[in-house]
There are 2 protein chains.
Amino acid sequence: MQEEEFDAYLITSGVSIFYFSNFYHMVTERPAALLVEPDGKPIFMGPLLEADHLREQTKVVGDSYTYLDYPGEEHPMKKFAKWLSELGYEKAKIGTDNPSGAGGTMGYVGDPLNEILDEADFVKDGQFIWDMRLIKSKEEIALIKESAKWGNLAHQYLQEYTTPGLWDLEISLMATLDATSAMKRTLGSDYITVKGTRAASAGFRGQVGWKSAIPHSISINRFIQEGDVLVTGAGADVGGYGSELERTMIVGNPNSKQERLFKVMMRAQNAAVDALKPGTTCADVDKAANKVFREAGYWDLVRHHTGHGIGIQGHEPPYLDQGNDKELEPGMVVSIEPGIYELGSAGYRHSDTLLVTQGGCEWLTYYPRDLDSLTII
Amino acid sequence: MQEEEFDAYLITSGVSIFYFSNFYHMVTERPAALLVEPDGKPIFMGPLLEADHLREQTKVVGDSYTYLDYPGEEHPMKKFAKWLSELGYEKAKIGTDNPSGAGGTMGYVGDPLNEILDEADFVKDGQFIWDMRLIKSKEEIALIKESAKWGNLAHQYLQEYTTPGLWDLEISLMATLDATSAMKRTLGSDYITVKGTRAASAGFRGQVGWKSAIPHSISINRFIQEGDVLVTGAGADVGGYGSELERTMIVGNPNSKQERLFKVMMRAQNAAVDALKPGTTCADVDKAANKVFREAGYWDLVRHHTGHGIGIQGHEPPYLDQGNDKELEPGMVVSIEPGIYELGSAGYRHSDTLLVTQGGCEWLTYYPRDLDSLTII
């Protein structure tokens, strides 16, 4: 704030509010924001239904200014403008991630804050928040490591429960239930999910059989069958942080084509991990994986880049993409997940979560990766 | 498009792309859009990993223009600009829900499309999509009704499984698993979830015991106890559409205060439903519920308005708020869910999904609402 000479800073993104205050809320059509002043505790502006929630979750935030609901007899954004004026910012220079004051989801309609409070100078300057989030603190890394442990358990159950004749969603819910129960009973009364409906979870997101060839398939309408290639996913919510563990599993003995593609995918993942260290770039990591696919003659089966950052969000910067020349630094946490996808046949992808360290990198997920361990007979 | 004399229309919101094309995808940092031209099928522009997915899901969309990944050696938004130029829109007047061309989630960074293609005239005009979505078609109403049936089953299991000593997330996952299994086995091979990880589901979102007083509590760290007031939620994904069913349940015999607050909440819900008919306004419905709370002396326990539209999204217009003078029309589908919340004690809210009809309204959810039926002994 000092560098840019802002009088105050207004944070409107739900994820950024959590990052700075430890208050996590369900983002809806109702606008919410955190006003950070040069001195004192940040001020919350938002819907009344979050006021008690906020006080219960965090001691970091000071006063709350609330409106009953959206759109209200007086529009929330007009109230935001009024509150900012009352606080002395009517003609101030205010940094913000969003000069309009609201995300605008779920059919939200409203005049932009910077037009209502037109004598103030709202300066869009949200990039520094993403830059801060790139490098994880020791505390954040500890949360992600703990997440990886419970994702491992959820995945173990997922593999054990995978059987022809069951729907993938059933297997996913069985594994998620048992891992969630075990996690709660292990961690005890201190443990709470920040984001909600699952503690630890595992599933397939529809990447079952021929649909494993569609990276974001979401769902399939049939039960698991002998011969299916499956691409899984598992993780856990620890303090609002997550990890990513994905495996390619095969139901029944793999045929020679399945084995060949599986092994190329593994080589690409190994090559990317070898390239993951301080001083190399995001592009270098992606190119290392892509080189393996190209040389094996499978470049036409690639559908996405090698990985992404992970932390509060499932996808966040840095993106491990051949077009991203961002340098890797210790403290970055990323997924490494090169994949190949043959439409009409199957897709192959493992994803692991790794921490960039001074000396190279450290695997935070540790589920077996070899074909034998992932064959379901 | 004709009214506004646009040469073409660019849809960038994931939900709107689904509404117009039946193609549902997981929205990430990777921009995607649908270009609607005066003649012919809409054109998809987006990440390569969605190309096969799109072709598998819909016949409505024609050509696909794809980029390998974000940010790419050439930025996706530059490709969007290039493709629009190739298609003859370099200097066109293009209507769009978002002139910048991308939602900007998950740390996305990029120059706005309307600055890259600066000779074209991008006109923000997205409101008509929300206006179209306000009135549900017969087909949409049928999907929401089917959703309500399976939400009812999930809620039935949730109530049966609710027992002191279990964590609310466990009960939720047990009910969700059994309802999802039953739904799939009933509807058969045609049935697929559009949005993913659950077919039918039920849960508490943390509104357990004293935390039932926090409307969007998300989670609690302890197990269910005798004496808890619980606020539930259930629904199901049918063709990408949902419904909302919420109930206040009490573990053990209700005390006189619990009974009193429960009954006031019920009276407010009844009053709101009585006001729900064509010709009255969204504000009228909210005011009818608020009047009950005021007259009972509980206005200070109100934390939100009476309800919201529902369909593809869990919250969508129209918002049943005292400040919204929108008139109700047949075909609107809304939740009716006035609530009261006493911090340190408990919260009380039922939510039902209702259809506005020519003659008044129709209940689409039908789970018992009376205290006896919702007491768990």
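Criteria and thresholds
Residues numbered from 1 in each chain as written. Chains lettered and ligands numbered in written order. Predicted model: local features only at pLDDT ≥ 70, side-chain atom pairs only at ≥ 80, totals over all residues. Heavy atoms only, no water. Salt bridge = Lys/Arg side-chain N within 4 Å of Asp/Glu carboxyl O. Buried < 20%, exposed > 50% of the residue type's maximum accessible area, 1.4 Å probe, protein only. Helix = DSSP H or I, 4+ residues; strand = E, 2+ residues; numbered from the N terminus. Contact = heavy atoms within 4.5 Å. Least-squares fit on C-alpha atoms with pLDDT ≥ 70 in both. Pairing = 2+ DSSP bridges. Axes fitted to C-alpha atoms, helices over the stretch in contact; angles between N-to-C directions. Polar contact = N/O pair within 3.5 Å; in protein donor to acceptor, adjacent residues only side chain to side chain. Nonpolar A, V, L, I, M, F, W, Y, C, P; charged D, E, K, R; others polar.

Engineer: It is not clear to me how the pattern of salt bridges should be interpreted in this structure. Could you clarify?
Structural biologist: One side chain can pair with another of opposite charge once the charged atoms of both are near each other. Tallied over the full model, the rule gives 40 salt bridges over all chains. Here Arg-30 of chain B and Glu-29 of chain B are joined by a salt bridge, their closest N and O atoms 3.9 Å apart. No difference in accessibility class separates Arg-30 of chain B from Glu-29 of chain B, as the two residues are buried. Bridged by salt links that share partners, the residues Arg-205, Glu-246, Glu-337 and Arg-349 of chain A form one connected network.

Engineer: Hey, could you run me through helix α1 (residues 14-21) of chain A in this one?
Structural biologist: In an α-helix there are 3.6 residues to a turn, and that puts residues three or four apart on one side. All names here are of chain A. Most of α1 is tucked away, with six of its eight residues classed as buried. Of all the residues in α1, the buried ones are Gly-14, Val-15, Ser-16, Ile-17, Phe-18 and Ser-21. Against β1 (8-11), β2 (33-36) and α5 (127-134) lie the buried residues of α1. One or two residues past the end of α1 sits Asn-22, with phi positive at roughly 65°.

Engineer: How should the relation of the copies chain A and chain B be read in this particular structure?
Structural biologist: Between the two copies of this chain, the relationship is a rotation about some axis together with a displacement along it. When chain A is fitted onto chain B, the two copies agree to an RMSD of 0.0 Å after a turn of 180° and an axial shift of 0.0 Å. Each copy turns onto its partner about a two-fold axis. Judged by C-alpha distance, Leu-173 of chain A is the residue of chain A that lies nearest the rotation axis, at 3.3 Å. The overlap is high: 100% of the interface residues of chain A also sit at the interface in chain B, so the same surface is used on both sides.

Engineer: Even after reading the chapter, I still don't get the sheet that holds strand β4 (residues 64-67) of chain B, so can you show me in this structure?
Structural biologist: Sheet strands pair via backbone hydrogen bonds, and the direction of the pair is either parallel or antiparallel. Residue and element names in this part refer to chain B. Spatial strand order, β4-β3-β2-β1-β5-β6: six strands in an open sheet with mixed pairing. This sheet does not close on itself; its edge strands, each paired only once, are β4 and β6 (121-124). Taking each pair of neighbouring strands and ignoring which way they run, the sheet shows an average axis angle of 20°. Relative to strand β5 (residues 93-96), strand β1 (residues 8-11) runs parallel, the two sharing three bridges.

Engineer: When you look at the interface of chain A and chain B in this model, what are you seeing that I'm missing?
Structural biologist: How large an interface is tends to be reported as the accessible area lost when its parts come together. Between chain A and chain B, the residue contacts involve 75 residues of the former and 75 residues of the latter. Counting the contacts that link chain A with chain B gives six salt bridges. Ionic pairing is found between Glu-170 of chain B and Arg-185 of chain A, a salt bridge with its closest N-O pair at 2.6 Å. Our enumeration of links across chain A and chain B arrives at 26 residue pairs in polar contact (both at pLDDT 80 or more). Of all the elements in the fold, those that place two or more residues in the side of chain A that touches chain B are α2 (51-57), α5, α7 (168-187) and β12 (316-320) of chain A. With ten residues, α7 of chain A is the largest single contributor of residues to the side of chain A that touches chain B. In terms of residue class, the side of chain A that touches chain B is built from 31 nonpolar, 25 polar and 19 charged.

Engineer: Can you help me understand the sheet that holds strand β6 (residues 121-124) of chain A in this one?
Structural biologist: Residues and elements named next belong to chain A. With mixed pairing, the six strands of this open sheet are ordered in space as β4-β3-β2-β1-β5-β6. The sheet terminates laterally at β4 (64-67) and β6, the two strands that pair on one side only. Shown here is a sheet whose adjacent strand axes are inclined to one another by a mean of 20°, direction ignored. Sheet topology places β2 next to strand β3 (residues 43-47); three bridges connect them, and they run antiparallel. Residue Leu-34 lies in a different strand from β3, and its bridge partner there is Phe-44. Those strands touched by helix α3 (residues 76-86) are β2, β3, β4 and β6, and its axis lies near 150° from that of β4.

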